[in-house]
Amino acid sequence: MKNKITWIIAGYYLLHYITMGVYSPYVNVYYERIGFNGSQIGMISLVGLICAMICAPIFGMLCDKTKNEKAVISGLMLLAGASMLVWRAQTEFVYVLITATLLLIFRSDIGSLADSLSVKICNRFDMKFSFIRAIGSLGYLVGAFVIANILNMFGEQGPYVGCYVLCMVLGAILVWFFPKAESETSKEKVSITKDGLALLKNKDFIFITIVMIFTTMILDCAVAYAGNHLVATLEQPDSIIGIFSCAMVLPEVFLVMYINTFVKKLGLKKVYILACISQIIRLLVYAFSNNIILFLVASTLHGIMIGVGTVGNVEFMYKRIDRKMLSTAMSLYNATYTITTALSSQVFGWIYQYGSSNMIFLISAVLTCIPLVMITTSKRFSE
């Protein structure tokens, strides 16, 4: 029974992260190809992410109120698939902006809601969430490297959209086979005002959210320009993006899978400090080195921060936050990620247009020093 549930959820994560692998590494390169400059690319991200930020807590509260996470997740996946079809058909900036915004609204909160539901199921059935999340990383690798290279044979207008939509539809179906995430609090009524205010005052939630902003959020915004850096700055062929994704995500699969083992042996605080140091080293290599081999080697450090910033953060919130508000907490956490990503993307777009991708990586390395100091001086992870 437990193995069956594990593979059902893992299969869902595989499909969901394939869509991210097909879309995320290539979207900014695609925008450049159809003639958009750095400011326009940043504006698309800004508007879409602000709208997604507003909607994310609503989706989370809907899950906690109805106790029907599966219906919400499935509906969002179907809407994201439909939005992708419309988005790819557009080439004029205004229409791309509108359709990209809809796509981001529907797709941005799927991951956090799935994490909330999955971690509750994993704790109920004594399963390893780290293994399931690692399968997601494998899915990203399959999407960004394997599928992308196969579909690239069809050219720029190849069936990327068909692959994305198919995986979204299959994921929307598979989520209905998840078991119920019953717990001792599953039948408790949720007061959005009372429980929501308690969540906003939760110091553990505030702390982990701030850490996320200056670690995984900054990293994701910087890495979004890695494709542009490789192709435009380092003058590498488009195929290098797939190799880069492979170098980045393949070690991530292992590290995410065993992150809980490292945390149990070393403690969350030490693992997080190691992750911050590795992220700073990686970004400094990106900023100052033009050697493609060194760039790819530094990219293998990606999984350390992703492991602790995803599995570690989710498990931390599960233990420190009222269970009946977990979906709302995850959505609010994701909304914070979204709005800070929107603002950072706009700033990074200006930096890229008027400066360089090297400057983006250097600034990101400096910002990562903030959580390094916070974690080093705090006792919150020491418990």
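Colleague: Can you tell me about the overall build of the protein chain, naming the residues and giving the values?
Modeller: Helix and strand counts for the protein chain stand at 18 helices and zero strands. Expected size for 383 residues packed as a compact globule is a radius of gyration near 21 Å; at 20 Å, the protein chain falls within 12% of this value. Principal-axis analysis of the C-alpha atoms places the extent of the protein chain at approximately 55 × 45 × 40 Å. Across the 383 residues that make up the protein chain, the buried fraction comes to 58%. When the accessible surface of the protein chain is totalled, it reaches about 15900 Å², and 68% of it is carbon and sulfur. With 29 positive and 20 negative side-chain charges, the protein chain shows a separation of 9 Å between the mean positions of the two kinds.

Colleague: Go over the nonpolar core, please, and point to the residues and values.
Modeller: Membership of the largest hydrophobic core comes to 118 residues, with the highest contact counts inside it found for Tyr31, Trp87 and Tyr272. When neighbours within four sequence positions are excluded, Tyr272 is seen to be in contact with Ile208, Val211, Thr215, Met305, Val308, Gly309, Asn313, Ile375 and Phe381. Listed in part, the six residues of the second largest apolar core include Leu15, Val22, Tyr160 and Cys167.

Colleague: Go over the packing of aromatic side chains with me, naming the residues and quoting the values.
Modeller: Here a ring pair, both rings aromatic, is described through the centre-centre distance and the interplanar angle of the planes. Tallied over the full model, the rule gives 15 aromatic pairs. Three or more aromatic residues link up through ring pairs in this structure, and these residues are Tyr23, Tyr31, Phe36, Trp87, Phe93 and Tyr164. The cationic tip of Arg380 hangs over the ring face of Phe207; the distance from NZ or CZ to the ring centre is 5.7 Å.

Colleague: Tell me about a nonpolar patch on the surface, and name the residues and values.
Modeller: Together, Leu78, Leu166, Val169, Leu170, Ile173, Trp176 and Phe177 make up a nonpolar patch on the protein surface, roughly 680 Å² of accessible area in all. For the nonpolar patch, the element with the most residues is helix α7 (residues 160-174), which contributes four residues. Looking at the secondary structure, you find Trp176 in the loop between α7 and α8 (192-200). In this structure Trp176 comes out as partly exposed when scored by relative accessible area, which is 45%.

Colleague: Hey, could you go over helix α9 (residues 203-223) for me, with residue numbers and the actual values?
Modeller: Between its terminal C-alpha atoms α9 stretches 29 Å, which fits the 30 Å expected from 21 residues at 1.5 Å a residue. Met212 marks where α9 bends most, by close to 40°. Within α9, 16 of the 21 residues are buried, which leaves it mostly tucked inside the rest of the structure. The distance from a side-chain oxygen at the start of α9 to the backbone nitrogen of Asp204 is 3.0 Å, and the residue carrying that oxygen is Asn202.

Colleague: Can you tell me about unusual backbone geometry, naming the residues and giving the values?
Modeller: The residue Lys67 is not glycine, and still its phi comes out positive at about 60°. One can find Lys67 in the loop between α2 (38-66) and α3 (69-88). For Lys67, a relative accessible area of 35% corresponds to the partly exposed category. The phi torsion at Glu235 lies on the positive side, around 55°, for a residue other than glycine. Turning to its location among the elements, Glu235 is positioned in the loop between α10 (226-233) and α11 (239-257).

Parameters and conventions
Within each chain, residues carry numbers counting from 1 in the order of the written sequence. For a predicted model such as this one, the threshold for reporting local features is a pLDDT of at least 70, and the threshold for listing and counting side-chain atom pairs is 80 or more; totals across whole chains, interfaces and linings nevertheless cover every residue. With hydrogens and water excluded, all non-hydrogen atoms of the structure serve as input to the side-chain values. The secondary structure listing takes helices from DSSP runs of H or I that are at least 4 residues long and strands from runs of E that are at least 2 residues long, numbered from the N terminus. Only the C-alpha atoms count toward the radius of gyration. The rule for a globule is 2.2 Å times the residue count to the power 0.38. Only protein chains enter the calculation, and the probe is 1.4 Å; a residue is then buried if its accessible area is under 20% of its type maximum, exposed if over 50%, and partly exposed in between. A 1.4 Å probe and the Shrake-Rupley method give the accessible areas. Residues count as covered only by the protein chains that appear here. Charged residues are defined narrowly, with Lys and Arg counted positive, Asp and Glu counted negative, and His plus the chain ends left uncounted. To locate a charge, take atom NZ for lysine, CZ for arginine, CG for aspartate or CD for glutamate. Residue types Ala, Val, Leu, Ile, Met, Phe, Trp, Tyr and Cys, when buried and joined through side-chain atoms within 4.5 Å, form a set referred to as a nonpolar core. We call two residues in contact when some of their heavy atoms are within 4.5 Å. Only Phe, Tyr and Trp rings are paired, with Trp represented by its six-membered ring, and only when their centres lie within 6.5 Å; those with planes under 30 degrees apart are stacked, over 60 edge-to-face, the remainder tilted. Charges are assigned to positions over rings by a cutoff of 6 Å between ring centre and Lys NZ or Arg CZ, combined with an angular limit of 35 degrees from the ring normal. For patch detection, residues must exceed 30% relative accessible area and be free of salt bridges, and they are connected within 9 Å for like charges or within 5 Å for nonpolar side chains (Val, Leu, Ile, Met, Phe, Trp, Tyr). Counted as salt bridges are all cases of a side-chain nitrogen of Lys or Arg within 4 Å of a carboxyl oxygen of Asp or Glu. Multiplying one less than the number of residues by 1.5 Å gives the expected span of a helix. To get the bend at a given residue, fit one axis to the seven residues ending there, fit another to the seven starting there, and take the angle between those axes. Within 3.5 Å is the distance limit for a polar contact, defined as a pair of N or O atoms, with the added protein rule that one can donate a hydrogen and the other accept it, and that residues adjacent in sequence qualify only through two side-chain atoms.

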